[in-house]
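Here is what each chain is made of, one letter per residue.
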Amino acid sequence: MNKNAIGVFDSGLGGLSAVKQMLNAMPNENIIYFGDTGRVPYGNRSTDTIRRYAMQDANFLLKNNVKMIVAACGTVSSVAPDLESQLGVPYTGVVLPTCHTALNESKNGKIGVIGTSATINSHSYKKRIEKKNPDFQVFEQDCPLFVPLVENGFIDRDDQIVRLVVEKYMSGLKNAGVDTVILGCTHYPILKDAIADFMGDDVLLIDSGKETALYTKKVLKENGLLNNSDTYGTAQFYVSDTPDNFEKIASLFLSKDMQGKVSRINIEEY
């Protein structure tokens, strides 16, 4: 049994959707979360910048003796898939576990992928899916306005702005006849209801945060690192900018009051 924390990082708040799923799947695990709110979003940065940011984020978590690191960020998972070789602890991004589920669930072999511009431009999901099954068709769409919508609290499925943006981005995938859509950014599950309303009941939405949480549990078990204590774990939250907005939006992600539970660090020290 290993009581060290699982380290989770994201460019901002989206990774909290993965944290919520981890708390559900592994309630006795300790979690340390870092949201790089001072440099969000990563999706429109250069590859070199994203890689540098990711290493700084991971180094902060390693300083806290985490037993595994999860990049709960579609952009980092797509642009820096080789991060594990530099860490010395088990690592996962969101691409591998999410693609695995999509391949198993799609009935007509037409899969849609939505993500940040950096994620879509990397074709990470498309390449992995087509490598596993060349007969599948993958339709990609970047959604650069989704993260700002979530970060600013525009998440109501009935909000006209949300509905218009969802329609703009999802129309092509709907017309292509996909039966499965990968939410390739951990912010996107917050908009799941609005996306589902537009795509219809016959389209399955794959939550990358949920699939990553389940995969994390599998990796910990295989490495003998699960915390099998009979007490609930703790969760610590850190950001690189003022925690005020984080507390407000994080409460939406985690469905509980986050007031006073977030600390600010200087990520440039790492």
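The paragraphs below set out a description of the structure included in this document. All values derive from a computational prediction rather than experimental measurement. (Residues numbered from 1 in each chain as written. Predicted model: local features only at pLDDT ≥ 70, side-chain atom pairs only at ≥ 80, totals over all residues. Heavy atoms only, no water.)

Across the sheet, 6 strands lie side by side as β4-β3-β1-β2-β9-β10; this open sheet has parallel pairing. Single-partner strands in this sheet number two, and they are β4 (91–92) and β10 (262–264). Against the sheet, helix α10 (residues 208–222) touches β1 (6–10), β3 (68–71) and β4, its axis set at about 160° to β3. (Pairing = 2+ DSSP bridges. Helix = DSSP H or I, 4+ residues; strand = E, 2+ residues; numbered from the N terminus. Contact = heavy atoms within 4.5 Å. Axes fitted to C-alpha atoms, helices over the stretch in contact; angles between N-to-C directions.)

With 5 of 5 residues buried, strand β2 (residues 31–35) lies mostly within the body of the structure. Side chains of β2 alternate between two faces, with Ile-31, Tyr-33 and Gly-35 and Ile-32 and Phe-34 buried alike. In the sheet, β1 pairs with β2 via 5 bridges, with the strands oriented parallel. Each bridged residue has a counterpart across the sheet, and for Phe-9 the counterpart in β2 is Phe-34. (Buried < 20%, exposed > 50% of the residue type's maximum accessible area, 1.4 Å probe, protein only.)

Right, let's talk about the packing of helix α8 (residues 160–176) against helix α9 (residues 192–199) for a bit. When two helices pack together, their arrangement is captured by the angle between the axes and the distance separating the axes. Packing of α8 against α9 leaves a shortest axis separation of 9 Å and a crossing angle of 50°. Considering the angle they form, α8 stands oblique to α9. The crossing of α8 and α9 is right-handed. In contact with Val-162, Val-166, Glu-167, Met-170, Ser-171, Leu-173 and Lys-174 of α8, α9 contributes Ala-194, Ile-195, Phe-198 and Met-199. (Parallel < 35°, antiparallel > 145°, perpendicular 65-115°, else oblique. Left-handed = near helix turned anticlockwise from the far one by under 90°.)

This part is about the packing of aromatic side chains. One pass over the full model with this rule turns up 7 aromatic pairs. Seen in terms of ring centroids, Phe-146 and Tyr-169 are 5.2 Å apart; in terms of plane orientation they differ by 80°. Their pairing is edge-to-face. Residue Phe-146 is located in helix α7 (residues 146–151), and its partner Tyr-169 is located in helix α8; the two are separated by 23 residues in the primary sequence. You can call Phe-146 buried: its relative accessible area is 0%. Aromatic side chains Phe-146 and Tyr-188 sit 5.1 Å apart centroid to centroid with 90° between the ring planes, which places their arrangement in the edge-to-face category. (Phe/Tyr/Trp six-rings, centres within 6.5 Å; stacked < 30°, edge-to-face > 60°.)

What follows covers the packing of helix α4 (residues 95–105) against helix α6 (residues 124–132). The N-to-C vectors of α4 and α6 enclose an angle of 50°; their axes lie 10 Å apart at closest approach. Judged by the inter-axis angle, α4 sits oblique to α6. Taken as a pair, α4 and α6 cross one another with a handedness that is right-handed. Here Val-95, Leu-96, Thr-98, Cys-99 and Leu-103 of α4 come into contact with α6, specifically with Ser-124, Tyr-125, Arg-128, Ile-129 and Lys-132. Of the residues assigned to the contact of α4 with α6, the class counts are 6 nonpolar, 2 polar and 2 charged. (Nonpolar A, V, L, I, M, F, W, Y, C, P; charged D, E, K, R; others polar.)

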